[in-house]
Structures are given as C-alpha cells and as structure tokens.
Amino acid sequence: MLQIHDKTFEIYLRNDEIQAKVAEIARALNEAYDGKDTIFIAVLNGAFMFASDLMKHISLSCEITFVKVSSYQGMNSTGRVDEVIGLTTDIRGKHVVIIEDIVDTGITMDKIHTLLAVEHPASVKIASLLFKPDAFKGKNKPDFIGFSIPDAFVVGYGLDYNEHGRNTQHIYQLTGSSH
Ligand code: 5GP
C-alpha cells in the first residue's frame, strides 16, 4: 500500500515485470533502428525512470535528449499542451523516438508529434511504457507499448499524483480500481 496526499494506492505492476518489459521494448528498438541516425526524446518529468532503464539496454549509436511539456494537473487531464520546452538539438533528417511514460487520451502525444514534425525529422515514432486504449482518442497511437492498462489512475516509477510518488520502483493503482 502507498499513501499519497489523500489517496491510497495498491501495487499494480511490480518492478521485475516492468524491467522485463523495458528490456523487451529495447530489443525491438535495437532491431528497428539498426543503422539509422536515431535520436531518443524523453518527455520529462514522468518518463525519466523509464528512459533511464530503457537506454541501458539500447545498443545503438544514438542521441538522447529531454523535453518538457505541461498538460496535466491532479487526476484529470486538462487536455492542453502549453509548449514543448528544451529541444535544442537539430532533429532534421533524424529518426525520432519519443519516450513517454503513459499515453492516456493521446492529446499530449498528438501535440508533441505535430511540434516535432515541423522540424523535418526522417520519422517520428512513440515508445510508451503504459497505454490506456479505452481513454485514447488521439491520432498517434504508440508504436512500442509496454503495458496496455485500464482507464484508471496509476502512480510510481516516474508517474506522479500532484508531484508526489514518482520515486517508487513499482507502479501503483488507486485502491478499488478494477483491472
Ligand atoms: P494524455 O494527453 O495522453 O491524456 O495524457 C498525457 C499525460 O497525462 C501523461 O504524460 C501523464 O503525465 C498524464 N497521465 C495520464 N494518465 C495518467 C495516470 O494514470 N497517472 C499519472 N500519474 N499521470 C497520468
């Protein structure tokens, strides 16, 4: 059990399950981007742990950089992306892999995708540890998915509840959520 602010969470995905999946995603990426000029763009803050673990298994010659967006407050997506901050690297002609912690409605990813596309990359694909297919209404479905999960709020392993709870090795779900 995990208590954050007013909410109680129970374990949903153990770290060993997460690690096995992360290694599997890395294998798929190593295969798909072999010989390509690749740049990984991790979306802060939530994806920091996933990106760190994932990159340890990436054997490609590649770049990694980090961007930040603001779109989410509390437990409901506001459906806004104010801006993508921090992209100082030239991505023209490069194969971009966006590293996300979770794709929920897909609104954030659509906006990031649109903002990156104007920089003329060779391609843009998305690797997301978590995906909520029942909540998704976007155009850009993740190409590499760790776990498809129900439309319930999760925290941990980088994901927060009002900025707390990012520093756990497991992923937790609100108690009483069905899965
Ligand atoms: P979307 O735009 O796909 O609806 O939401 C994207 C952002 O909302 C994610 O990057 C993440 O920050 C946040 N988010 C969506 N679902 C959850 C969730 O279950 N838990 C947490 N902690 N954040 C979430």
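The shown structure was predicted, so the numbers you read here are calculated from the model rather than taken from an experiment.

1. Details of the pairing of strand β2 (residues 7-13)
Two elements, strand β1 (residues 2-4) and β2, share 3 bridges in a ladder whose sense is antiparallel. Pairing of Q3 across the sheet is with T8, part of β2. Between β1 and β2, which follow one another and run antiparallel, lie 2 residues, and H5 among them has a positive phi close to 50°. Direction of pairing for β2 relative to strand β11 (residues 171-174): antiparallel, over a ladder of 4 bridges. Note that in β11 the partner of I11 across the bridge is Y172.

2. A closer look at the nonpolar core
In this structure, L29, I99, L129 and L130 are the most contacted members of the largest nonpolar core, which totals 31 residues. Taken together, the elements giving at least two residues each to this core come down to β2, α1 (15-32), β3 (38-44), α2 (48-55), β7 (95-103), β8 (123-131) and β9 (144-148). Excluding residues within four positions of it along the chain, L130 makes contact with L13, D101, I102, V103, F147, I149, V154, L159 and I171. I39, I41, V96 and L116 belong to the second-largest nonpolar core, a separate cluster that totals 16 residues.

3. Focus on the sheet that holds β2
Pairing is antiparallel across the open sheet formed by 4 strands, whose spatial order is β1-β2-β11-β10. The open sheet terminates on both sides in strands that have one partner only, identified here as β1 and β10 (154-155).

4. Overview of the environment of L13
Here L13 shows up in strand β2. For L13 and V154, which are 141 residues apart along the polypeptide, the C-alpha to C-alpha distance reads 9.8 Å. Look past the residues within four positions of L13 in its chain and what remains in contact with it is I18, L130, F147, H170 and I171.

5. Comments concerning helix α3 (residues 107-117)
Buried within α3 are the following residues: T108, M109, D110, I112, H113 and L116. The secondary structure elements touched by the buried residues of α3 are β3, β7 and β8.

6. Description of the packing of aromatic side chains
Under the counting rule described, the total for this entry stands at 4 aromatic pairs. The interplanar angle of 75° and the centroid separation of 5.9 Å between the aromatic rings of F153 and Y161 together place this pair among those described as edge-to-face. Overall, the relative accessible area of 10% leaves F153 in the buried class. For Y161, a relative accessible area of 6% puts it in the buried group.

7. Notes on the packing of α1 against α2
With their axes 9 Å apart at the nearest point, α1 and α2 run at an angle of 60° to one another. Put simply, α1 runs oblique to α2. Handedness of the α1/α2 crossing: right-handed. Across the interface between the two elements, Q19, V22, I25, A26 and L29 from α1 touch F50, D53 and L54 from α2. A class-by-class count of the residues in the contact of α1 with α2 yields 6 nonpolar, 1 polar and 1 charged.

Thresholds, definitions, all that
Residues numbered from 1 in each chain as written. Predicted model: local features only at pLDDT ≥ 70, side-chain atom pairs only at ≥ 80, totals over all residues. Heavy atoms only, no water. Pairing = 2+ DSSP bridges. Helix = DSSP H or I, 4+ residues; strand = E, 2+ residues; numbered from the N terminus. Core = buried A, V, L, I, M, F, W, Y, C linked by side-chain atoms within 4.5 Å. Buried < 20%, exposed > 50% of the residue type's maximum accessible area, 1.4 Å probe, protein only. Contact = heavy atoms within 4.5 Å. Phe/Tyr/Trp six-rings, centres within 6.5 Å; stacked < 30°, edge-to-face > 60°. Axes fitted to C-alpha atoms, helices over the stretch in contact; angles between N-to-C directions. Parallel < 35°, antiparallel > 145°, perpendicular 65-115°, else oblique. Left-handed = near helix turned anticlockwise from the far one by under 90°. Nonpolar A, V, L, I, M, F, W, Y, C, P; charged D, E, K, R; others polar.

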